[in-house]
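One letter stands for each residue in the lines below.
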Amino acid sequence: MESEHRVSTLELFFDLVFVFTITQLTVLLADDLTLRGAGQVVLIFTVLFWMYGGYAHLTNQVPPDRTVRRVLLMLAMGAFLVCALAVPTAFGAGGIAFGLGYLLVVLVHGALFTQAHGRGVLWFALPNVLCALSVTAAGFFDGLPAWGLWMLALLLQFVTPVVVQRVAASGAAEPEAAEVAETAEGPGQTVGDQLGGMNAAHLVERHGLLLIIVFGESVIAIGIGVGSLPLSLGIAGGAFLALTIASAMWWMYFVRDEGRAEEVFERTPTERRFKLAMVAYYYAFLPMLLGIAVFAAGVKKTIGHLGEHLHAGPAVALAGGVALYLAGDLAFRAALGIGPGRYRAAALVLALATVPVGTSWTGAGQLVALACVLVGALAAEGRRSPAEPAEAAAAEAVTGSG
């Protein structure tokens, strides 16, 4: 059994600052519900979430239990705050500020990670720096050159894990990491050991806390959407429906998936944990978190127009946000092997089918339809698909992730 390693209050404070970037992305999307706006949101969030995952992995192995580590983590929080403030104009006047803030995030991450990897940190720190420089350079351009540089940053991010895993497998950086580990974290640990040496309970708890904070964004969006409107019965009912949808999405992860995910990670051999964490808590979590943000933007634009036909943008945001979340959740469950997904897959399709309800009927009607889809999927899943034994799910993930 692994030793207990809980998420610290400083890490939670860090997450609150990071989630402000998601709040800003929701505002950006709500103000520009077009393909262009959606593309910008996806690029910005993917780049930011890469480094959030880097810090989650960092504090899993290098806990902020010393003054220097705490101060550096707070410096990174300030850099993330700069990025968040620049989000609305990241493809315009704020692009350089965003890039410089992001560069500081990357440099602090690399400095802190030297305590676990020594000079082996260069294998992922250098690509991260190149990514930050690409984003910063994008701030000097408009149009296609800027988009191209952002895409280059994404390419660097997706290539980096492959490089790091190969380095770890080959032992290319092990002498330096072993030397550092001998003096700082204990004898005999190499880059490969450190990559897989993450604490399962901390990993799952950290991402669960992030998810619950992001869910808070959807609740805030209800209040922003209501604004100064009089609190009529219709408005109250719409707010209740939006909260019902958010609650159903919460239920899918926190009641059905989170506990089993931790057990799967505890039973996964250390050499396979890094790959499994990348798939489950980066690639799968990306659409889950984006889905909540997109849904929140849809709620913000809908809550004051519940009795009207919705424009295509808000209707697609409502349905697309739920569908994105479900797609990520299905990928998460598939990566960990923690249960069949047929009811959630059906809910994804049905969620997208609610768009005409909003555009042809009313916003309230679409919220009702989405609530029925999610609650119905949960009810069917609970009645006909009892939870798999955790041992069987873990065994499937262990054999499948190789």
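Residues numbered from 1 in each chain as written. Predicted model: local features only at pLDDT ≥ 70, side-chain atom pairs only at ≥ 80, totals over all residues. Heavy atoms only, no water.

Undergrad: Would you mind going over the overall build of the protein chain in detail, with residue names and values included?
TA: Secondary structure summary: the protein chain contains 18 helices and 0 strands in total. Of the roughly 16,100 Å² of accessible surface on the protein chain, 69% is carried by carbon and sulfur atoms. (Helix = DSSP H or I, 4+ residues; strand = E, 2+ residues; numbered from the N terminus. Areas by Shrake-Rupley, 256 points an atom, 1.4 Å probe, with all protein chains shown as cover.)

Undergrad: Any chance you could break down the pattern of salt bridges for me, citing the residues and the numbers?
TA: Enumeration according to the criterion identifies 12 salt bridges in this entry. A salt bridge links E205 to R6, with the nearest nitrogen and oxygen atoms 2.9 Å apart. One end of the pair, E205, is in helix α9 (residues 200–226); the other, R6, is in the segment before α1 (9–31), with 199 residues separating them in the sequence. The partner of E381 in a salt bridge is R256, and the shortest N-O contact between them spans 3.2 Å. With E381 in helix α17 (residues 363–384) and R256 in the loop between α10 (233–254) and α11 (258–267), the pair connects residues that are 125 residues apart, well separated along the chain. Pair check on accessibility: E381 and R256 agree, each one buried. (Salt bridge = Lys/Arg side-chain N within 4 Å of Asp/Glu carboxyl O. Buried < 20%, exposed > 50% of the residue type's maximum accessible area, 1.4 Å probe, protein only.)

Undergrad: Please give an account of empty space enclosed by the protein that cites residues and values.
TA: Applying the stated rule across the entire model yields 3 cavities of 30 Å³ or more. Space inside the largest cavity adds up to approximately 360 Å³. If you go around the largest cavity, you meet 23 residues; those closest to its centre are G53, G54, H57, F274 and M278. Of all the elements in the fold, those that place two or more residues in the lining of the largest cavity are α2 (35–61), α4 (95–117), α5 (122–138), α6 (143–170), α9 and α12 (270–283). For the lining of the largest cavity, the element with the highest residue contribution is α2, accounting for 6 residues. In terms of residue class, the lining of the largest cavity is built from 15 nonpolar, 8 polar and no charged. (1 Å grid on protein atoms, 1.4 Å probe; cavity = no way out; pocket = protein on both sides within 12 Å on 5 of 7 lines; lining within 4 Å. Points joined across faces, edges and corners; volume = space filled by probe spheres on them. Nonpolar A, V, L, I, M, F, W, Y, C, P; charged D, E, K, R; others polar.)

Undergrad: A description of the environment of G234 should follow, citing residues and the corresponding values.
TA: Note on placement: G234 falls in helix α10. Each C-alpha atom, one on G234 and one on G307, is 8.3 Å from the other, the two residues being 73 residues apart in sequence.

Undergrad: Could you give me a rundown of a nonpolar patch on the surface, with the residues and numbers involved?
TA: A contiguous nonpolar surface patch, about 410 Å² in accessible area, is contributed by W123, L152, L155, V159 and V163. With respect to the helices and strands, V163 occurs in helix α6. (Patch = residues over 30% accessible without salt bridge, like charges linked within 9 Å, V, L, I, M, F, W, Y side chains within 5 Å.)

Undergrad: Go over the side chain of R69 with me, naming the residues and quoting the values.
TA: One can find R69 in helix α3 (residues 67–86). Here R69 falls in the buried class, since its relative accessible area comes to 3%. At 3.0 Å, the side chain of R69 and the backbone oxygen of P63 are in polar contact. (Polar contact = N/O pair within 3.5 Å; in protein donor to acceptor, adjacent residues only side chain to side chain.)

Undergrad: Any details on the packing of helix α14 (residues 312–336) against helix α15 (residues 342–352)? Residues and values, ideally.
TA: Two numbers describe how α14 lies on α15: the axes approach to 8 Å, and their chain directions differ by 165°. Taken together, the axis directions place α14 and α15 in an arrangement best described as roughly antiparallel. Helix-helix and strand crossings are classified by hand; for α14 and α15 the assignment is left-handed. On α15, the residues touching A319, G320, V322, A323, L326, A327, D329, L330 and R333 of α14 are R344, A345, A347, L348, A351 and L352. (Axes fitted to C-alpha atoms, helices over the stretch in contact; angles between N-to-C directions. Parallel < 35°, antiparallel > 145°, perpendicular 65-115°, else oblique. Left-handed = near helix turned anticlockwise from the far one by under 90°. Contact = heavy atoms within 4.5 Å.)

Undergrad: So what's going on with the confidence of the model for the protein chain? Residues and values would help.
TA: Across the protein chain, pLDDT averages 88, with 87% of residues at or above 70. Here residues 173–192 is a poorly scored stretch, pLDDT under 50, and it has 35 contacts once near neighbours within four places are set aside; other chains count. Counted against residues more than four places away or in other chains, residues 387–395, with its pLDDT under 50, gives 17 contacts. (pLDDT = per-residue confidence, 0-100.)

Undergrad: Before we move on, can you summarise the environment of L367 with the specific residues and values?
TA: With respect to the element layout, L367 can be found in helix α17. The class for L367 is buried, based on a relative accessible area of 2%. Spatially, the C-alpha atoms of L367 and G238 are 7.5 Å apart, while their sequence positions differ by 129 residues. The contact partners of L367, leaving out residues within four places of it in the chain, are G238, L241, I245, L306 and L318.

Undergrad: So, the packing of α11 against α12: which residues are in play, and what are the values?
TA: Between α11 and α12, whose axes approach to 10 Å, the crossing angle comes to 160°. The orientation of α11 relative to α12 falls into the category roughly antiparallel. Every pair of crossing elements has a handedness; the one defined by α11 and α12 is right-handed. In contact with A261, V264, F265 and E266 of α11, α12 contributes R273, L276, A277, A280 and Y281.

Undergrad: Explain the environment of F240 to me, and be specific about the residues and the numbers.
TA: As for its position among the elements, F240 is in helix α10. Between the C-alpha atoms of F240 and L367, which are 127 residues apart in sequence, the distance is 9.7 Å.

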